[in-house]
Protein chains: 2
Amino acid sequence: MTDDTSNSATDPRPAFVLVRPQMGENIGAAARSMLNFELEHMRVTAPRDGWPNERAVALASGAGRILDHARICDTTQEAVADCTFVFATTARDRDLTKPVYTPEAAMIDARKRGASGQKVAVLFGPERTGLENDDIALANAIVSVPTNPAFASLNLAQCVLLMGYEWRRTAAMPVPMEMEMADTQWASHAEMEALIAHYEERLEEARFFWPEGKAAAMKVTLRNLWSRMPLTRADVQVFHGMMRQMVRWKERG
Amino acid sequence: MTDDTSNSATDPRPAFVLVRPQMGENIGAAARSMLNFELEHMRVTAPRDGWPNERAVALASGAGRILDHARICDTTQEAVADCTFVFATTARDRDLTKPVYTPEAAMIDARKRGASGQKVAVLFGPERTGLENDDIALANAIVSVPTNPAFASLNLAQCVLLMGYEWRRTAAMPVPMEMEMADTQWASHAEMEALIAHYEERLEEARFFWPEGKAAAMKVTLRNLWSRMPLTRADVQVFHGMMRQMVRWKERG
């Protein structure tokens, strides 16, 4: 038995337990997905094709150390022996004797438990059959991915991907919308006024506001249009530049 | 060109556009993931191995009708011509000229737009290289999955899975109604293209794109600016009108 190092009291991350996985490819893909979302503690119970698994290593490319440090166990019981809270991933409505969490709720819960020193495990069943009732009996709660009831099946690697995604996503909560635009230099009101005035003046000269009876309404329309646009200071300069160039072009005759 | 039936004004679901996908297996897996989360409108531009694709069909098992109804296009431009809002999925920090959304924020936004009659597309790049800058230039916004910066890469099928998951997950969230804009006639992608082309042509004549060495970059800047603007069909006509009037003014001398 190798060690997944997840015993560390200072590491709040859950262990992902692959229960009796069949295809090495899926074990490798699971390792990649875990590392994509900063999870590193894999445990594997009774892998069908033994251990180490060449196909798993090939597929894990770049995430091989997850496999190197994976804890290999004979039984699910052994794999979760040191854990204080165990989630079992299953299709919906499989077992109503335990609380059922969404992936999001499960990972928020895992994060809280991890932060308070608890050790959390998430069980993933074998490809074809999913977890057996004996595995689920070891769990404190169920996690179920909300899928199309008419087309529900997710494979092992997909299920690991989604749980990993939720682990990473819930780390950032609350997620401010459009973070990356946060330090954008938006145009000030005064800059917008100057742009509106520039266009109005030049379009007036070009007799855009015509017939005269409609001129006032057209100006209001234009002002409303400009003020709905989310313009940066740079955008405003581009619009000024376009208009100046059209005027130069006219003046060159 | 077959039809993905997503023109239906009553279907608020986004189209997922696979741009130049390479492996049939990934196209099939994408179809399954879409159906898992109740999405059915697939478009495919220039699939490397032609169409129909046997390996895609084999992998899609159970979700074959997504492929049967997929719209096959030669170019990304053609694939999004009828769309009013386009998201491009890319790795982080690729392009800072457009707003960057999390998958969650993007699918909440797509849901709102869909509910108000807009047609939304989500672009997914080819396996090895991801979307090219020309594809991204067609988009109104970027979607980026928050991953481990040291191990960020997700493959095509994984990316489709996560976006589909967020589409389904956000269905359960209350959608704030934006009544005022609810029946707005947003400009289609094709109408925006026509506007961009009109301005580019006239500004070219007016020698706006100068010095010549910077012309290409200036055109990209301008395209990015226009695609960030939330323009209605009426707004587009106003912008056309302004430019036409400036040209008339010049021609009167």
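Everything numeric here is computed off the predicted structure, so don't read it as measured data. (Residues numbered from 1 in each chain as written. Chains lettered and ligands numbered in written order. Predicted model: local features only at pLDDT ≥ 70, side-chain atom pairs only at ≥ 80, totals over all residues. Heavy atoms only, no water.)

1. Points about unusual backbone geometry
Then, in step 1: Of the consecutive residues A:Trp51 and A:Pro52, the connecting peptide bond is found in the cis state with omega at 0°.
Then, in step 2: Considering the arrangement of structural elements, one finds A:Pro52 in the loop between strand S2 (42–45) and helix H2 (54–59).
Then, in step 3: In the segment running from B:Trp210 into B:Pro211, the intervening peptide bond is cis, with an omega of 0°.
Then, in step 4: Assignment of secondary structure puts B:Pro211 in the loop between helix H8 (189–205) and helix H9 (212–228).
Then, in step 5: The residue B:Ala46 is not glycine, and still its phi comes out positive at about 45°.
Then, in step 6: Tracing the chain through its elements places B:Ala46 in the loop between strand S2 (42–45) and helix H2 (54–59). (Helix = DSSP H or I, 4+ residues; strand = E, 2+ residues; numbered from the N terminus.)

2. Things to note about the domain arrangement of chain A
Then, in step 1: Per the domain assignment, the segments making up chain A are domain 1 (15–172) and domain 2 (189–252).
Then, in step 2: For domain 1 of chain A and domain 2 of chain A, the distance between their C-alpha centres works out to 58 Å. (Domains from an automatic or database assignment.)

3. Quick notes on the packing of H8(B) against helix H10 (residues 233–252) of chain B
Two measures define how a pair of helices packs: the angle their axes make with one another and the distance between the axes.
Residues and elements named next belong to chain B.
Then, in step 1: Viewed as axis vectors pointing N to C, H8 and H10 meet at an angle of 15°, and their least axial separation amounts to 10 Å. Considering the angle they form, H8 stands roughly parallel to H10. The interaxial crossing formed by H8 with H10 has left-handed handedness. Across the interface between the two elements, Glu 191, Met 192, Ala 194, Leu 195, His 198, Tyr 199, Arg 202 and Leu 203 of H8 pack against Arg 233, Val 236, Phe 239, His 240, Met 242, Met 243, Arg 244 and Val 247 of H10.
Then, in step 2: In terms of residue class, the contact of H8 with H10 is built from ten nonpolar, two polar and four charged. (Axes fitted to C-alpha atoms, helices over the stretch in contact; angles between N-to-C directions. Parallel < 35°, antiparallel > 145°, perpendicular 65-115°, else oblique. Left-handed = near helix turned anticlockwise from the far one by under 90°. Contact = heavy atoms within 4.5 Å. Nonpolar A, V, L, I, M, F, W, Y, C, P; charged D, E, K, R; others polar.)

4. Section: the sheet that holds strand S7 (residues 141–143) of chain B
As a general point, the strands of a sheet are linked pairwise by backbone hydrogen bonds and lie either parallel or antiparallel.
All names here are of chain B.
Then, in step 1: Here seven strands make up an open sheet; going across it, the order is S3-S2-S1-S6-S4-S7-S5 and the pairing parallel. Every other strand in the sheet has two partners, leaving strand S3 (71–73) and strand S5 (100–101) as the edge strands with one partner each.
Then, in step 2: Where strand S1 (residues 15–19) and strand S6 (residues 120–124) come together, four bridges link them in parallel fashion. Residue pairing across strands places Ala 15 opposite Ala 121, the latter belonging to S6.
Then, in step 3: This element, helix H1 (residues 24–36), spans S1 and S2 of the sheet and lies at about 160° to S2. (Pairing = 2+ DSSP bridges.)

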